[in-house]
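Observations on the three-dimensional arrangement
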Amino acid sequence: SQQGEEDPQALSIQEGENATMNCSYKTSINNLQWYRQNSGRGLVHLILIRSNEREKHSGRLRVTLDTSKKSSSLLITASRAADTASYFCATDGMGRDDKIIFGKGTRLHILP
Amino acid sequence: GAGVSQSPSNKVTEKGKDVELRCDPISGHTALYWYRQSLGQGLEFLIYFQGNSAPDKSGLPSDRFSAERTGGSVSTLTIQRTQQEDSAVYLCASSLERTSGRKTDTQYFGPGTRLTVL
């Protein structure tokens, strides 16, 4: 089964509101990343948070990591129409050759 | 080039034919990854290269799928005797390196190849 599971699967909010997406995973990780995908094509890296970090900010993005609960959240503040996309979390295990596993994503739609 | 490139961007083929998908990673990136994404789904890991070697091929769905990487750069994903269930977007990503104890795991993705098997 998937290592990373995002929820909700889909989210629609008004422009200007904050959007929160969550990611849960099963095994110990080295780091967790969030990616954005527009129009079903290439992904763009947003932010990486390491297992010894609890919170990280990048512009309007805020990511938290709770390793005890094996969960992470991505908060987008003051949402814009351009934020409409799918957002994926990706976890990287502790082993040298562990594969990076992506969840199924949250589809975010910003309403004008 | 500045980013990861993939070719072709779209490929339509008939069931039973072989296809080759190409990925040009960012220059200097030693790690290269192939993923498959079906419509509305997450990314399914296929294979990972460190240099020219593939320490993890566990994601390849069947022996019809193979990949190689030469010169530590360009990679080719080959699907033999394509089936309709192979239809998906195939994404390639590269990262600077991936070494034990210190992982630089930001992956830079190409635009993908949309494969349609009729």
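Look up a bit, the structure's there.
What you are looking at is a predicted structure, and each value in this text was computed from that prediction instead of being measured.

The rules behind each value
Residues numbered from 1 in each chain as written. Chains lettered and ligands numbered in written order. Predicted model: local features only at pLDDT ≥ 70, side-chain atom pairs only at ≥ 80, totals over all residues. Heavy atoms only, no water. Buried < 20%, exposed > 50% of the residue type's maximum accessible area, 1.4 Å probe, protein only. Helix = DSSP H or I, 4+ residues; strand = E, 2+ residues; numbered from the N terminus. Pairing = 2+ DSSP bridges. Salt bridge = Lys/Arg side-chain N within 4 Å of Asp/Glu carboxyl O. Disulfide = S-S within 2.5 Å. Axes fitted to C-alpha atoms, helices over the stretch in contact; angles between N-to-C directions.

The next subject is the pairing of strand β5 (residues 43–50) of chain B. All names here are of chain B. The buried fraction of β5 is high, at six of eight residues. In the sheet, strand β4 (residues 31–37) pairs with β5 via seven bridges, with the strands oriented antiparallel. In the strand pairing of β5, Y35 is matched with F45. Turn length for the β4-β5 hairpin, with the two strands adjacent in sequence and antiparallel, is five residues, and the turn residue G40 shows positive phi of about 70°. In this structure, β5 lies alongside strand β6 (residues 53–56), joined through two bridges in antiparallel fashion. By the bridge assignment, Y48 is partnered in β6 with D56.

Our next topic: the pattern of salt bridges. Residues and elements named next belong to chain B. This model, assessed by the stated rule, comprises seven salt bridges over all chains. E14 is the salt-bridge partner of K17, the closest N and O atoms lying 3.8 Å from each other. Accessibility expressed as a relative area gives 43% for K17, which makes it partly exposed. We note a salt bridge from E44 to R36, for which the minimum N-O separation is 3.1 Å. In this structure E44 comes out as partly exposed when scored by relative accessible area, which is 31%.

So, on to the state of the cysteines. Residues and elements named next belong to chain B. Per the stated rule, a full pass over the model turns up two disulfides over all chains. Bridging C23 to C92, the disulfide has an S-S length of 1.8 Å. A torsion of -65° about the S-S bond marks the disulfide between C23 and C92 as left-handed. Placement of C23 in strand β3 (residues 19–24) and of C92 in strand β9 (residues 88–95) is noted, with a sequence separation of 69 residues between them. We classify C23 as buried; its relative accessible area is 0%.

Residue and element names in this part refer to chain B. Taken in spatial order, the four strands line up as β1-β3-β8-β7 in an open sheet, and their pairing is antiparallel. Each end of this open sheet is capped by a strand with a single partner; those strands are β1 (5–7) and β7 (65–69). Averaged over neighbouring strand pairs, the angle between their axes works out to 15° when direction is ignored. Across five bridges, the pairing between β7 and strand β8 (residues 75–79) is antiparallel.

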